[in-house]
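What the coordinates show
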Amino acid sequence: MYLAPRHSEIIELAKTDGRVLVEDLASRFEVTPQTIRKDLNELCERQLLMRIHGGAIIPSGTQNMEYAQRGKIAAEEKQTIGTAAAALIPDNASLFINIGTTTEAVSQALLRHGRLMIITNNINVANRMRTYPQFEVVIAGGVVRSSDGGIVGEAAVDFIRQFKVDYAVIGTSAIDHDGALLDYDFREVKVAQAIIANARHVILVADSTKFERTAPVRIGHLGQVDTFVTEYCPDERIREICLESDVELIETMRIP
């Protein structure tokens with residue numbers, strides 16, 4: 001498929017950053033916003049991008065993006081989310097940490113904590129935390145996804161159900177307007193549901209790009225979590241759901 005040079009660069013930027021914004025692209029390419037809107041419309045007509053307010057994103061489809069690509073999206077935002085979520089967890093606690101680049105940011109921020117017991121189905125989290133003597137790291141059994149080191153399947157679900165922990169740190173691939181938490185892999189969703197059911201306090205960590213994406217498999221509802229940590233929540237209905245369901249909303253980069 002032939003793409004003009006500017007169109008190719010726009011696609012690559014969208015893959016790297018998760019989204020592209022009209023004003024940023026106009027400044028980058030030194031063209032008018034109207035020209036960029038035309039570019040985005042053409043790329044959307046070819047189903048290479050999907051329009052959002054003020055820009056465009058890579059279409060969600062039914063499969064998630066590659067792990068390395070997801071790690072680049074909203075990297076600074078994920079770091080602030082990780083720091084804020086880690087601050088909610090005291091020393092000497094037990095916790096689940098599930099699959100995701102944002103949950104991995106939480107694990108990085110936890111490295112200065114005192115004694116913790118961490119149960120995880122994320123090989124990357126286990127590898128990061130296992131070398132610290134103050135942590136007891138317990139890893140689930142099951143099928144290891146080659147794409148991201150996540151451990152999924154019925155064996156992982158059965159393993160998680162053996163525990164009842166103080167905290168759970170979970171991620172999601174998309175947040176729908178009605179508060180539904182969505183993902184791509186039904187096997188991963190089953191593990192996430194077991195994690196939610198077996199934790200006393202559930203912390204959802206997700207950056208704001210998750211409001212712009214869709215995914216086909218339902219994890220649960222925002223009302224099932226206790227704390228939602230994001231850098232900014234642009235959806236007023238989501239704010240209302242948090243208020244109605246007594247979910248604490250923490251925004252790490254919101255400008256007052």
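Our subject is the structure listed above.
What comes next concerns the included structure. (Residues numbered from 1 in each chain as written. Predicted model: local features only at pLDDT ≥ 70, side-chain atom pairs only at ≥ 80, totals over all residues. Heavy atoms only, no water.)

1. Remarks on the packing of helix 1 (residues 5-17) against helix 3 (residues 33-45)
- Running from N to C, helix 1 and helix 3 point in directions that differ by 75°, and their axes come no closer than 11 Å. By the angle class used here, helix 1 and helix 3 are roughly perpendicular. On helix 3, the residues touching Arg 6, His 7, Ile 10 and Ile 11 of helix 1 are Thr 35, Asp 39, Leu 40, Glu 42 and Leu 43.
- Grouping the amino acids of the contact of helix 1 with helix 3 by side-chain chemistry returns four nonpolar, two polar and three charged. (Axes fitted to C-alpha atoms, helices over the stretch in contact; angles between N-to-C directions. Helix = DSSP H or I, 4+ residues; strand = E, 2+ residues; numbered from the N terminus. Parallel < 35°, antiparallel > 145°, perpendicular 65-115°, else oblique. Contact = heavy atoms within 4.5 Å. Nonpolar A, V, L, I, M, F, W, Y, C, P; charged D, E, K, R; others polar.)

2. Some remarks on the nonpolar core
- Among the nonpolar cores identified, the biggest contains 36 residues, and Phe 96, Leu 222, Phe 228 and Ile 238 are the most heavily contacted of them.
- Looking at this core, the element that brings in the most residues is helix 9 (residues 186-197), giving six residues.
- Look past the residues within four positions of Ile 238 in its chain and what remains in contact with it is Ile 175, Asp 176, His 177, Gly 179, Phe 211, Leu 222, Phe 228 and Cys 233.
- Residues Ile 81, Ala 93, Leu 111 and Val 125 belong to the second largest nonpolar core, which totals 22 residues. (Core = buried A, V, L, I, M, F, W, Y, C linked by side-chain atoms within 4.5 Å. Buried < 20%, exposed > 50% of the residue type's maximum accessible area, 1.4 Å probe, protein only.)

3. Some details on the pattern of salt bridges
- Taken as a whole, this structure holds 13 salt bridges when the rule is applied.
- The partner of Asp 185 in a salt bridge is Arg 145, and the shortest N-O contact between them spans 3.0 Å. Of this pair, Asp 185 sits in the loop between strand 11 (180-183) and helix 9 while Arg 145 is found in the loop between strand 7 (143-144) and strand 8 (151-152), placing the two residues 40 residues apart along the sequence.
- When its relative accessible area of 13% is taken as the criterion, Arg 145 is described as buried.
- Through salt bridges with shared partners, a single network forms among Arg 145, Asp 148, Asp 185, Arg 187 and Glu 188. (Salt bridge = Lys/Arg side-chain N within 4 Å of Asp/Glu carboxyl O.)

4. Remarks on helix 9
- For helix 9, with twelve residues, the first-to-last C-alpha span of 17 Å sits near the 16 Å given by 1.5 Å per residue.
- Those residues of helix 9 lying buried are Glu 188, Val 189, Val 191, Ala 192, Ala 194, Ile 195 and Ile 196.
- Structurally, the start of helix 9 carries an N-cap: the backbone nitrogen of Arg 187 is 2.8 Å from a side-chain oxygen of Asp 185. (Expected span 1.5 Å × (residues − 1). Polar contact = N/O pair within 3.5 Å; in protein donor to acceptor, adjacent residues only side chain to side chain.)

5. So, helix 10 (residues 236-244)
- If you check which residues of helix 10 are buried, you get Ile 238, Arg 239, Ile 241 and Cys 242. An end-on view of helix 10 places all buried positions within 160° of arc, on one side of the element. Exposed positions of helix 10 whose direction lies more than 90 degrees from the buried face are Glu 236, Leu 243 and Glu 244.
- Looking at where helix 10 begins, the residue whose side-chain oxygen comes 2.8 Å from the main-chain nitrogen of Arg 237 is Asp 235.
- Remark: Asp 246 follows helix 10 within two positions and exhibits a positive phi of approximately 60°. (Arc of directions from axis to C-beta.)

Functional significance is not addressed by these values, which are geometric in nature.
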